[in-house]
Amino acid sequence: MPEPSAKLWLIQVDSDLLAAQRVWDPADHRTYCQTLAKFQQAVEKSIKAVVSILKEVGVSLPPIGYQHQLSKHLEALAKLPRIHRGLQEKVDGLLTHYHRAEINAISALAPRKPDAASGELHRLNTEYPFETAAGIWAAPAQAGSFSESQVARFKNLSNYLFAGAGKLVSAL
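Residues numbered from 1 in each chain as written. Predicted model: local features only at pLDDT ≥ 70, side-chain atom pairs only at ≥ 80, totals over all residues. Heavy atoms only, no water.

Participant: Quick question: what am I supposed to make of the overall build of the chain here?
Facilitator: Across its full length, the chain holds six helices and two strands. Across the chain, helices and strands are ordered from the amino to the carboxyl terminus as α-α-α-α-α-β-β-α. Over its C-alpha trace the chain gives a radius of gyration of 17 Å, about what one expects of a compact globule, namely 16 Å for 172 residues. Here the C-alpha coordinates of the chain stretch approximately 50 × 40 × 30 Å along the principal axes. (Helix = DSSP H or I, 4+ residues; strand = E, 2+ residues; numbered from the N terminus. Rg over C-alpha atoms; globule rule 2.2 N^0.38 Å.)

Participant: Even after reading the chapter, I still don't get the side chain of serine 145, so can you show me in this structure?
Facilitator: Note on placement: serine 145 falls in the loop between β2 (136-138) and α6 (148-171). What makes serine 145 buried here is its relative accessible area of 12%. Excluding residues within four positions of it along the chain, serine 145 makes contact with Leu124, Phe130, Ala139, Pro140 and Gln150. (Buried < 20%, exposed > 50% of the residue type's maximum accessible area, 1.4 Å probe, protein only. Contact = heavy atoms within 4.5 Å.)

Participant: Would you take a moment to explain the pattern of salt bridges for this structure?
Facilitator: Side-chain pairs of opposite charge can arise whenever the charged atoms involved come near each other. Enumeration over the complete set of coordinates arrives at eight salt bridges. Between aspartate 28 and arginine 30 there is a salt bridge, with the nearest N and O atoms lying 2.8 Å from each other. The partner of arginine 112 in a salt bridge is glutamate 120, and the shortest N-O contact between them spans 2.9 Å. Classification of arginine 112 as partly exposed rests on a relative accessible area of 41%. (Salt bridge = Lys/Arg side-chain N within 4 Å of Asp/Glu carboxyl O.)

Participant: Honestly, the packing of helix α5 (residues 97-107) against α6 in this entry has me stumped. Any pointers?
Facilitator: Closest axis-to-axis distance for the α5/α6 pair is 11 Å, and the angle between their directions is 120°. Considering the angle they form, α5 stands oblique to α6. The two elements α5 and α6 meet at a crossing, and its hand is left-handed. Contacts between α5 and α6 involve His99, Glu102, Ile103, Ala105 and Ile106 on the former and, on the latter, Arg153, Phe154, Leu157, Tyr160 and Leu161. Looking at the contact of α5 with α6 residue by residue, the class counts come to seven nonpolar, one polar and two charged. (Axes fitted to C-alpha atoms, helices over the stretch in contact; angles between N-to-C directions. Parallel < 35°, antiparallel > 145°, perpendicular 65-115°, else oblique. Left-handed = near helix turned anticlockwise from the far one by under 90°. Nonpolar A, V, L, I, M, F, W, Y, C, P; charged D, E, K, R; others polar.)

Participant: Please explain the environment of histidine 29 as it appears in this structure.
Facilitator: Mapped onto the fold, histidine 29 is located in the loop between α1 (6-23) and α2 (30-56). Considering only alpha carbons, one finds histidine 29 and glutamine 142, 113 residues apart in sequence, at a separation of 7.0 Å. Setting aside its immediate chain neighbours within four residues, histidine 29 contacts Ala141, Gln142 and Ala143. In this structure the side chain of histidine 29 is engaged in a polar contact, spanning 3.4 Å, whose partner is the backbone nitrogen of alanine 143. (Polar contact = N/O pair within 3.5 Å; in protein donor to acceptor, adjacent residues only side chain to side chain.)

Participant: Got a minute to help me understand the nonpolar core in this structure?
Facilitator: Nonpolar side chains in soluble globular proteins tend to end up buried together. Leu54, Leu77, Leu95 and Ile103 are the most contacted members of the largest nonpolar core, which has 41 residues in total. Secondary structure elements with two or more residues in this core: α1, α2, α3 (71-78), α4 (85-94), α5 and α6. In this structure leucine 77 touches Ile47, Val50, Val51, Leu54, Leu61, Gln88, Val91, Asp92, Leu95 and Arg100, once residues within four positions along its chain are discounted. (Core = buried A, V, L, I, M, F, W, Y, C linked by side-chain atoms within 4.5 Å.)

Participant: Help me out: how do you make sense of the packing of α1 against α6 in this one?
Facilitator: Two measures define how a pair of helices packs: the angle their axes make with one another and the distance between the axes. Between α1 and α6, the least distance of the axes is 11 Å, while the angle of their chain directions is 155°. Taken together, the axes of α1 and α6 lie roughly antiparallel to each other. Two packed elements cross with a definite hand, and for α1 against α6 that hand is left-handed. The segment α1 lies against α6, with Ala6, Lys7, Leu10, Val13, Asp14 and Leu17 engaging Ser158, Asn159, Phe162, Ala165, Gly166 and Val169. Partitioning the contact of α1 with α6 into residue classes produces seven nonpolar, three polar and two charged.

Participant: What should I look at first to understand the confidence of the model for the chain in this one?
Facilitator: Keep in mind that low pLDDT regions are not for reading the predicted coordinates in detail. Per-residue pLDDT for the chain averages 93, and the proportion of residues at 70 or more is 98%. Confidence, expressed as mean pLDDT per element, reaches its minimum in the chain at α4 with 88 and its maximum at α1 with 98. (pLDDT = per-residue confidence, 0-100.)

Participant: Can you walk me through α3 in this structure?
Facilitator: Counting along an α-helix, one turn takes 3.6 residues, and residues three or four places apart therefore face a common direction. All of the buried residues in α3 are His73, Leu74, Ala76 and Leu77. For α3, the buried positions fall inside an angular range of 165° around the axis, keeping them on one side. Opposite its buried face, α3 presents the exposed residues Ser71 and Glu75, each directed more than 90 degrees away. Residues of α3 that are buried in the fold lie against α2, α4 and α5. (Arc of directions from axis to C-beta.)

Right under this line is the structure:
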């Protein structure tokens, strides 16, 4: 079954960034989690746009799917087949070690069901109540759950990836 084109992913990234801009109010801590959720989505969809354009030009990569975790995509993008050396250089230029770490950091804020068998706590995320310690709950919209500097950090990342993915899509 065909997957969405890279250009469609970028349309959604643009929409997510616009929504983040509209919801963000630095004077209201309740907007931090909502803004970060949109930045997380923008980062995720930017990576999916990169995967999509590479698939469109014939690179064999895993299906895009609906998962929030990008680890399999980042791993595949780091190890393109040797015949795609020029593409690898472009991808490596966009997804530096620093940017991969930042992508993993914001991806960790996507909601995920904890592993009950291991006793894992409900971890910090942008949408659902989480545990700060066993049985001690907080909401993402509470003061102190997220900071203005986190919003700025991930705004920079999402804008960088949107621009870079857009350039890669245009170039190919």
